[in-house]
Each structure stands twice: as structure tokens, then as C-alpha cells.
Amino acid sequence: MKITWPDRPGVPIPFDRLAFDIDGVVADIMTTFLDLARERYGHEHLRYEHLTTFFLEECLDLEPQIIDTLIRELIDRPHELAVEPFPHAVPVLTRLAQETPLLFVTARDRARPIQTWLHRTLELVPKEAIRVFATGDPDTKIHYLQDHGIHYFVEDRLETCHQLAAHGITPILFAQPWNRREHPFLEVKDWRELSGLLFEEE
């Protein structure tokens, strides 16, 4: 299925005005989180669909200390853990990097570990074509995007999408269990669908 803008059918996305979130969009970080919770703490009941909010203590039967420990580890050393990219993310981003450098803006408080993960994951993309900015706060992503002239941003946090839209940046919501609420934004369910949007393919 070819995806077009509801209000601008047939208008292509300028690649040099596009940027991406990482966790929940490129990196399947929560699958690793759940795997670690099962392996280390025996919480075999946990499932991906249980992740219905960003506030994990509200949707998971896990002690706050366990949540904090695992999240910190995933922030500090994703390149050392079994974090996988979402299906088809690598070929789409590799193709896109042939047209323009890739820009990633993350709410992580450290850029280097996830940048190392991206360099390893996108092995066919030159390192100089991968730019990563860590804001430390999802609410400050807007400033980095504005500073770099970004008009379109692929994001999984619905609250951030609302902020982007309020400041004239078009969000593309990457569907996840934690953003299943009514919204007015263009949404893609996976990287195949996003590829159809970016490259205007059926």
C-alpha cells in the first residue's frame, strides 16, 4: 500500500529534512528489557503487549529497582547487549543514507553507547553519515530538530508527537503498544510501511 499525506497527497518527504528517534523506532530496546527481566529475575509472565505506557512501573508487575537497573544498563551499554533493530530498519536506513546523512535525536542522556550500536548495526553506512544527538529529555527534542531544520520526525512517543506538531514539525508515529490512543498523526506500523512512505513505493 502506498502511503501519502492526508492533506498533501503525492508530496514526497525531503530526505534532508527527516530525522528519527532510536528506541522504539530503530532499536527494539523493550524486547531486550523483557528478555533480561525474564532471564535475571524470573518474570516469565511478561509480554511485549503489556507495555501500554512509557511509565513501566504502571504497566508491569516489576519492582521499581529492577526497572531502573535494566533501563540504566540499556542506556549505558546497548552495544554490549542483545539489542536488535526492528525488522527492515537496516536496509531502509542504509538506502536512505545513500541520499543524505542520517540524523537521530534521542531522549537518552548519553549519545556514545547508542551511537556505537548504530555504527555496528548499520555497518554499510559510513560512520560520518550517522549523527546522534542525546537530549536527556524527550521534551527538549524539539530544540535540536528546529536547530537542524528538520520538518519530519519518526517517533514512538505520542506526547512528543503532539509537541512536534505544535511547533510545526510533522510527526510520523511508529506504532507501539504504548501509543495506542486516538491521535491525528500519520502512522506507520513497521519499517516496510515507512519505506513505502519515504520512497513512494507500492
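Thresholds applied
Residues numbered from 1 in each chain as written. Predicted model: local features only at pLDDT ≥ 70, side-chain atom pairs only at ≥ 80, totals over all residues. Heavy atoms only, no water. Helix = DSSP H or I, 4+ residues; strand = E, 2+ residues; numbered from the N terminus. Expected span 1.5 Å × (residues − 1). Buried < 20%, exposed > 50% of the residue type's maximum accessible area, 1.4 Å probe, protein only. Contact = heavy atoms within 4.5 Å. Polar contact = N/O pair within 3.5 Å; in protein donor to acceptor, adjacent residues only side chain to side chain. 1 Å grid on protein atoms, 1.4 Å probe; cavity = no way out; pocket = protein on both sides within 12 Å on 5 of 7 lines; lining within 4 Å. Points joined across faces, edges and corners; volume = space filled by probe spheres on them. Nonpolar A, V, L, I, M, F, W, Y, C, P; charged D, E, K, R; others polar. Phe/Tyr/Trp six-rings, centres within 6.5 Å; stacked < 30°, edge-to-face > 60°. Pairing = 2+ DSSP bridges. Right-handed = clockwise from strand over helix to strand, strands pointing away. Axes fitted to C-alpha atoms, helices over the stretch in contact; angles between N-to-C directions. Parallel < 35°, antiparallel > 145°, perpendicular 65-115°, else oblique. Left-handed = near helix turned anticlockwise from the far one by under 90°. Core = buried A, V, L, I, M, F, W, Y, C linked by side-chain atoms within 4.5 Å.

Turning our eyes to something else, we now look at helix α1 (residues 29-41). Between its first and last C-alpha atoms α1 spans 18 Å; for 13 residues at 1.5 Å apiece the expected length is 18 Å, and the two agree. Residues of α1 that are buried include every one of Ile29, Met30, Thr32, Phe33, Leu34, Leu36, Ala37 and Arg38, and no others. Buried residues belonging to α1 abut α2 (56-59) and α3 (64-76). One or two residues past the end of α1 sits glycine 42, with phi positive at roughly 75°.

With that settled, consider the environment of threonine 135. Position of threonine 135 relative to the elements: it lies in the loop between β3 (130-134) and α6 (141-147). Along the backbone, threonine 135 and serine 195 are 60 residues apart, and their C-alpha atoms lie at a distance of 26 Å. Polar side-chain contacts of threonine 135 include one of 2.7 Å to the backbone oxygen of aspartate 137.

Any empty space left between atoms is shown by rolling a water-sized probe over those atoms. Of the volumes computed, that of the largest pocket is approximately 900 Å³. What lines the largest pocket is a set of 32 residues, among which Asp23, Met30, Phe54, Ile71 and Ala107 lie closest to the centre. When residues of the lining of the largest pocket are traced back to their parent elements, those giving at least two are α1, α2 and α3. Looking at the lining of the largest pocket residue by residue, the classes come out as 13 nonpolar, 5 polar and 14 charged.

The next point concerns the packing of aromatic side chains. Overall, the coordinates contain 8 aromatic pairs when judged by the stated rule. For the ring pair phenylalanine 20 and tryptophan 191, a centre distance of 5.8 Å and an interplane angle of 25° mean the geometry is stacked. With phenylalanine 20 in strand β1 (residues 18-20) and tryptophan 191 in helix α8 (residues 191-199), the pair connects residues that are 171 residues apart, well separated along the chain. By the burial criterion, phenylalanine 20 is buried, and tryptophan 191 matches it.

Within helix α4 (residues 89-97) the residues assigned to the buried category are Ala89, Val92, Leu93, Thr94, Leu96 and Ala97. Looking at the buried side of α4, the elements it contacts are β1, β2 (102-106) and α8.

Our focus in this paragraph is the pairing of β2. Most of β2 sits out of view: 5 of its 5 residues are buried. Neither face of β2 is exposed, since Leu102, Phe104 and Thr106 on one face and Leu103 and Val105 on the opposite face are all buried. Strand direction decides the pairing type here: β2 and β3, joined by 5 bridges, are parallel. Residue pairing in the sheet places valine 105 in a bridge with phenylalanine 133 of β3. The β-α-β motif built from β2, the intervening helix α5 (residues 112-121) and the parallel element β3 has right-handed crossover chirality.

Attention shifts here to the pairing of strand β4 (residues 152-155). Burial along β4 is two-sided: Tyr152 and Val154 facing one way and Phe153 and Glu155 facing the other are all buried. Judged from the 3 bridges that link them, β1 and β4 form a sheet pairing that is parallel. The partner of phenylalanine 20 across the bridge, within β4, is valine 154. In this sheet, strand β5 (residues 170-174) lies alongside β4 in parallel orientation, the contact comprising 4 bridges. If you follow valine 154 over to β5, its bridge partner there is isoleucine 172. Crossover handedness for the path β4 to helix α7 (residues 158-166) to β5: right-handed.

To continue, consider the packing of α4 against α8. Packing of α4 against α8 leaves a shortest axis separation of 9 Å and a crossing angle of 20°. When the axes of α4 and α8 are compared, the pair comes out roughly parallel. Considering how the two elements wind past one another, α4 and α8 form a crossing that is left-handed. Touching Ala89, Val92, Leu93, Arg95 and Leu96 of α4 are Trp191, Ser195, Leu198 and Phe199, all from α8. Residue classes in the contact of α4 with α8 are distributed as 7 nonpolar, 1 polar and 1 charged.

Next up on the list: the nonpolar core. Ranked by internal contacts, the top residues of the largest apolar core, which has 54 residues, are Phe33, Phe104 and Trp191. The element contributing the most residues to this core is α1, with 6 residues. Setting aside residues up to four positions removed in sequence, tryptophan 191 forms contacts with Phe20, Val25, Val26, Phe86, Pro87, His88, Ala89, Val92, Leu93 and Phe174. With 9 residues, the next largest nonpolar core counts Ala19, Leu103, Leu145 and Phe153 among its residues.

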